Amino acid sequence: MKHFFDVVIIGAGPAGLCAGNILGNAGKKTLIIERDPFLGGQLLKQTHMFFGSRDQYAGTRGLDIAKIFQNELNSYPNVSVFTDTTATGYYPEEKILLAMKDEKELYEISFDQIIIATGASEKSLLFENNDLPGIFGAGAVQTLMNMYGVLPGTEIIMVGSGNIGLIVSYQLLQAGANVKCIIDAAPHIGGYFVHAAKIRRMGVPIYTQHTIHRAIGKTTLEAVELVKVDNSWKKISDSVFTESCDVLCLAVGLVPMSELLWQMGCDMNFVPELGGSVPARNQWMETSVRGVFVAGDVAGVEEASSAMLEGTIAAIGALKNLGSWNAAIEKKCVHSLEYLKEIRYGPVGEKIRSGLAKVEAR
Ligand SMILES: Cc1cc2nc3c(=O)[nH]c(=O)nc-3n(C[C@H](O)[C@H](O)[C@H](O)COP(=O)(O)OP(=O)(O)OC[C@H]3O[C@@H](n4cnc5c(N)ncnc54)[C@H](O)[C@@H]3O)c2cc1C
């Protein structure tokens, strides 16, 4: 089946939904493609109240933020949404995007502008037996627990003390699991002090300078061997100890899902501060390929608040290319750009700022 749209958005997380609402409001014929059955991306797993700024829905649960965006989207008849549909490939010469619905129906989609908002995928770790059932990524644990009401196990060891590791540990404790410890190879806890303090008050020790040596189990996970690491992250061989557990949860970072951007011929750069390979872009989030925009974690792993603002800016950039520019849109754009700068200000935003300096200048 063939379709044409002014703008196509791939991914319905906070970045894609904010972009969709701007374009819907501007009356553009827009399509949002989402591989999951629901809209919201990672927001749907987030039962905790958001931190950050009030303007970006701090104090509201992630899943309720997704509902707010979806309700607005439903009011725009010019926005179509294909769920259960994966954007699988792009043919630059014909400028055709292929998308597969339910692994059965193939759509050929052409467009004037496109916004890639595919988010990020979870990293894993290399250790013996890392494929035993019972070893999960933190996102998978959140999906099971918060979307489907399934507790993945009862005795948990969490790897990673960043905000994701801390928040998912807290949610596991709330769901009745025993989080035995959180380990991190780094010498310091990576997440916010407020989250770490909450976990410690609930009796969970956080061991920094520790990593996984190997997993043990015949058919499923039964225990793990943990080991101390030195200042160069090398294992200290006589420090191995065993902890029994039925779940090992890995919260060790995310990688931008940039496959479509590679296919589209965008100028890509490996930027560790942003999580992996990300495209060069201008202030409108337009990549080196005219008409191809990027927003959210695929542009650099950050937070929902920045994803929302980048989605807004990318949609405004697409409107600019389509010749739709007015004072109200300009005002919204200036506000979003200033706000984005503000949330990346100070020591917390230092890593992101240094990563962006490598891709924004072109
Ligand atoms: C445990 C946890 C807690 C967090 N807490 C906070 C918080 O309190 N505050 C905050 O600001 N941020 C928080 N974040 C971060 C925030 O959730 C992410 O930064 C944000 O969701 C990124 O938005 P996004 O739209 O870029 O991507 P996502 O939310 O990941 O959405 C991307 C969407 O694209 C879809 N997709 C991918 N590829 C394709 C394809 N080929 N075809 C079709 N669809 C596709 C995916 O299915 C997904 O729905 C948290 C993250 C986690 C994991």
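The shown structure was predicted, so the numbers you read here are calculated from the model rather than taken from an experiment. (Residues numbered from 1 in each chain as written. Predicted model: local features only at pLDDT ≥ 70, side-chain atom pairs only at ≥ 80, totals over all residues. Heavy atoms only, no water.)

This next bit is on the overall build of the protein chain. For the protein chain, the helix and strand inventory stands at nine helices and 19 strands. Here the C-alpha atoms of the protein chain give a radius of gyration of 21 Å, agreeing with the 21 Å that 2.2 N^0.38 yields for 362 residues. Reported as C-alpha extents along the three principal axes, the dimensions of the protein chain are approximately 65 × 45 × 35 Å. The buried share of the protein chain, reckoned over its 362 residues, is 51%. Counting only contacts in the protein chain whose residues sit at least 6 apart along the sequence, the fraction spanning at least 24 positions is 61%. Accessible area of the protein chain: about 16800 Å², with a carbon and sulfur share of 52%. For the protein chain, the centre of its 32 positive side-chain charges and the centre of its 38 negative side-chain charges are spaced 4 Å apart. (Helix = DSSP H or I, 4+ residues; strand = E, 2+ residues; numbered from the N terminus. Rg over C-alpha atoms; globule rule 2.2 N^0.38 Å. Buried < 20%, exposed > 50% of the residue type's maximum accessible area, 1.4 Å probe, protein only. Contact = heavy atoms within 4.5 Å. Areas by Shrake-Rupley, 256 points an atom, 1.4 Å probe, with all protein chains shown as cover. Lys, Arg positive; Asp, Glu negative; His and termini not counted. Charge placed at Lys NZ, Arg CZ, Asp CG, Glu CD.)

By domain assignment, the protein chain separates into domain 1 (2-121 + 254-360) and domain 2 (124-250). For domain 1 versus domain 2, the separation of C-alpha centres amounts to 31 Å. Taken together, the contact pairs 10 residues of domain 1 with 12 residues of domain 2. Carbon and sulfur atoms supply 64% of the area buried between domain 1 and domain 2, which totals about 860 Å² over both sides. Our count for the domain 1 to domain 2 interface comes out at zero salt bridges. At the boundary of domain 1 with domain 2, the tally comes to three residue pairs in polar contact (both at pLDDT 80 or more). Considering only residue class, the side of domain 1 that touches domain 2 consists of five nonpolar, three polar and two charged. (Domains from an automatic or database assignment. Buried area = accessible area lost by both parts, 1.4 Å probe. Salt bridge = Lys/Arg side-chain N within 4 Å of Asp/Glu carboxyl O. Polar contact = N/O pair within 3.5 Å; in protein donor to acceptor, adjacent residues only side chain to side chain. Nonpolar A, V, L, I, M, F, W, Y, C, P; charged D, E, K, R; others polar.)

This part covers the site of the ligand. Around the ligand sit 33 residues in total, of which E34, Q42, Q46, F51 and D297 are the nearest. Between P14 and the ligand, the recorded distance is 3.3 Å, taken from a backbone N or O atom to an oxygen atom. A87 is positioned such that a nitrogen or oxygen atom in its backbone is 3.0 Å from a nitrogen atom of the ligand. Burial of the ligand by the protein amounts to 95% of the accessible area it has alone, namely 1000 Å². Breaking the shell around the ligand down by element, the ones donating at least two residues are helix 1 (14-25), strand 4 (85-91), helix 4 (163-174) and helix 7 (304-321). The class makeup of the residues in the shell around the ligand is 14 nonpolar, 13 polar and six charged. (Near = heavy atom within 4 Å.)

Below, the discussion takes up the packing of aromatic side chains. Taken as a whole and judged by the stated rule, the model has four aromatic pairs. On the basis of an interplanar angle of 90 degrees and a centroid distance of 5.5 Å, the ring pair of Y57 and F69 is categorised as edge-to-face. On the criterion of sequence distance, the pair formed by Y57 in the loop between strand 2 (30-33) and helix 2 (62-74) and F69 in helix 2 is long-range, its members being 12 residues apart. Seen in terms of ring centroids, F82 and Y107 are 4.7 Å apart; in terms of plane orientation they differ by 40 degrees. Their pairing is tilted. With a gap of 25 residues between them, F82 in strand 3 (residues 79-82) and Y107 in strand 6 (residues 105-116) connect regions that are remote in the sequence. Between the NZ or CZ atom of K29 and the centre of the ring of F5, over which it lies, the distance is 4.9 Å. The lysine or arginine in question, K198, covers the ring of Y170, its NZ or CZ lying 4.2 Å from the ring centre. (Phe/Tyr/Trp six-rings, centres within 6.5 Å; stacked < 30°, edge-to-face > 60°. Lys NZ or Arg CZ within 6 Å of the ring centre and 35° of its normal.)

Once that is clear, we can look at the pattern of salt bridges. Summed over all chains, the structure comprises nine salt bridges. Of the charged contacts, one joins K67 and D64 as a salt bridge, the two residues approaching to 3.4 Å between their closest N and O atoms. Taken as a pair, K67 and D64 lie in helix 2 at a separation of three residues, close to a single helical turn. Put simply, R290 and E286 hold a salt bridge, and the shortest N to O gap is 4.0 Å. Overlapping salt bridges bring together E128, R214 and E225 as one network.

A word on the packing of helix 3 (residues 138-148) against helix 4. Between helix 3 and helix 4, the shortest axis-to-axis distance is 10 Å and the interhelical angle comes to 30 degrees. Classified by the interaxial angle, the pair formed by helix 3 and helix 4 is roughly parallel. When the axes of helix 3 and helix 4 are compared, the crossing they make is left-handed. Contact with helix 3, carried on its side by A138, V141, Q142, M145 and N146, involves I164, V168, Q171 and L172 of helix 4 and no other residues of that element. Here the residues of the contact of helix 3 with helix 4 sort into six nonpolar, three polar and no charged. (Axes fitted to C-alpha atoms, helices over the stretch in contact; angles between N-to-C directions. Parallel < 35°, antiparallel > 145°, perpendicular 65-115°, else oblique. Left-handed = near helix turned anticlockwise from the far one by under 90°.)

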